[in-house]
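Listed below are the residues making up each chain.
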Amino acid sequence: MLREVIRQAWESLKRNRLRSVLTMLGIVWGIVAVTLLIAYGNSFRFVLVDGFNAFGRSAVICWPGHTSEQAGGERAGKPVVFEKEDVEFIRAEATLVKQMSLETVRWLPLTYGDRLVQTAIRGVYPDYGEMRNQVAADGRWFSPEDILERRRLVFLGGRLREKLLGGRPAVGETVGIGGVRFTVVGVMDRKLNFSGYFTSDDQSCWIPYTAAADLWNTRYASVLVFAPVLPRFEKPAEKQVLAAVAKRQHFSPTDERAIQMFGREEFRPIIDSLTIGLEVLLTFIGALTLGIGGVGVMNIMLVSVDERIREIGLRRALGARRRHIKAQFLSEALALTLIGGAIGIALSYVLSLAIGTLPLMGPGFEDASGKRDIHLYISLTTVLLSTAILVLVGLISGLLPALRASNLNPVEALRYE
């Protein structure tokens, strides 16, 4: 029975080929809009989340402040500092902290031959590299031995390497930092992250914390960086770090102004709201465009009902039931939308390949690699979502004509001229 209904629907569409083709054009345009807009939203979300992740998957930055509560006879307004002893206290008492590193920063001239760049020189410990996602494109990151032996090594940001050494290999080269010679041990790949502190990671360089002591006083660190054992334990880990430092420096463990902490997880809801909101908006706009094509299908199907009233009356007189008539017109509407949808999805693939990459963040980062630009990739999920919207539009478009046709009185339909 189903095969017969589909065959009759196909024959009906072939009888009015020009009208069917023109109707399908609206569906084609609509499904192209839906598919490309969903692909754009998915790519935008990927770019934003990937740039956010580049900062570090679970890094928390702690800034020293001033106490705001009196505790243990200590006055309020006492400055908080980060020292090596604080790290030892945190390791002993903060069970939810997996890694940590002090970070000391100075802005000093970095030289190579006759080139000079004034940038942030950042002294850190080996754990810092994993926490902050410092991936070496060439060479390596620091090892514990580099700290113990106070090796004068430097790890360059991607953009800084370009400014200082141009296109030549950097690993093994000797550069000057504040008049002291350092050997380049590694170069970071271009890190196009949207958040940072002090200065862009791409424009910075890092040296072992012990080597930084040869250039300036490193007793008091600029910031403390730590990572919880799991991202979901970020907030409890922050409380443990605050309590450990408070215990050593004698201030209240509830004094949140003493240490300002900025974790990655607290910004995730903002990123999710932005990206999900944009995806929903683009999908809604595409669905509206497809809905306009659906209105065209509905109009044509209503015209088809008027043209075939006598045919409908004859079918009812020969024993066809209302559900058979309803299925007939619903199948015709679905055939129009699905054929148009298949053509539209194929056209979407062609357009996505032709368009390629759309600029987004690349120009702002002076990056031509396309890592932070929109790539209109038509995924299986995109096709399935577009198809679901398409089927829904087809059912809605064919429902009213199908109900109208199935509710016709057979006697009056046979008399219709």
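Higher on the page you've got the structure.
Residues numbered from 1 in each chain as written. Predicted model: local features only at pLDDT ≥ 70, side-chain atom pairs only at ≥ 80, totals over all residues. Heavy atoms only, no water.

Some details on helix α12 (residues 380–406)
Then, in step 1: The end-to-end C-alpha distance of α12 is 37 Å, a good match for the 39 Å that 27 residues give at a rise of 1.5 Å each.
Then, in step 2: Where α12 bends most, at leucine 399, the angle is about 35 degrees, and the proline proline 401 comes one to four residues later. (Helix = DSSP H or I, 4+ residues; strand = E, 2+ residues; numbered from the N terminus. Expected span 1.5 Å × (residues − 1). Bend = angle between axes of the 7 residues up to and from the residue.)

A word on the packing of helix α11 (residues 322–355) against α12
Then, in step 1: Where α11 contacts α12, the two axes come as close as 8 Å, and the packing angle between them is 150 degrees. Taken together, the axes of α11 and α12 are roughly antiparallel relative to one another. Between α11 and α12 the crossing geometry is right-handed. Here α11 contributes Arg322, Ile325, Lys326, Phe329, Leu330, Ala333, Leu334, Thr337, Leu338, Gly341, Ile345 and Tyr349 to the contact with α12, which in turn contributes Val383, Thr387, Leu390, Val391, Gly394, Leu395, Gly398, Leu399, Ala402, Leu403, Ala405 and Ser406.
Then, in step 2: Of the residues assigned to the contact of α11 with α12, the class counts are 16 nonpolar, 6 polar and 2 charged. (Axes fitted to C-alpha atoms, helices over the stretch in contact; angles between N-to-C directions. Parallel < 35°, antiparallel > 145°, perpendicular 65-115°, else oblique. Left-handed = near helix turned anticlockwise from the far one by under 90°. Contact = heavy atoms within 4.5 Å. Nonpolar A, V, L, I, M, F, W, Y, C, P; charged D, E, K, R; others polar.)

Focus on the pairing of strand β9 (residues 223–228)
Then, in step 1: In terms of burial, β9 is largely enclosed, as 6 of its 6 residues are buried.
Then, in step 2: Side-chain alternation along β9 places Val223, Val225 and Ala227 on one buried face and Leu224, Phe226 and Pro228 on a second face that is also buried.
Then, in step 3: Of the pairings in the sheet, the one linking strand β1 (residues 60–64) to β9 comprises 3 bridges and is antiparallel in character. The residue bridging cysteine 62 from the neighbouring strand is leucine 224, located in β9.
Then, in step 4: The sheet contact formed by strand β2 (residues 97–112) and β9 spans 6 bridges and is antiparallel. By the bridge assignment, serine 101 is partnered in β9 with valine 225. (Buried < 20%, exposed > 50% of the residue type's maximum accessible area, 1.4 Å probe, protein only. Pairing = 2+ DSSP bridges.)

Some details on the packing of helix α2 (residues 17–53) against helix α9 (residues 268–307)
The packing of two helices is summarised by the inter-axis angle and the distance between the axes.
Then, in step 1: It is at 9 Å that the axes of α2 and α9 come closest, and there the two elements cross at 175 degrees. For the element pair α2 / α9, the angle class is roughly antiparallel.
Then, in step 2: Considered class by class, the residues forming the contact of α2 with α9 number 23 nonpolar, 14 polar and 6 charged.

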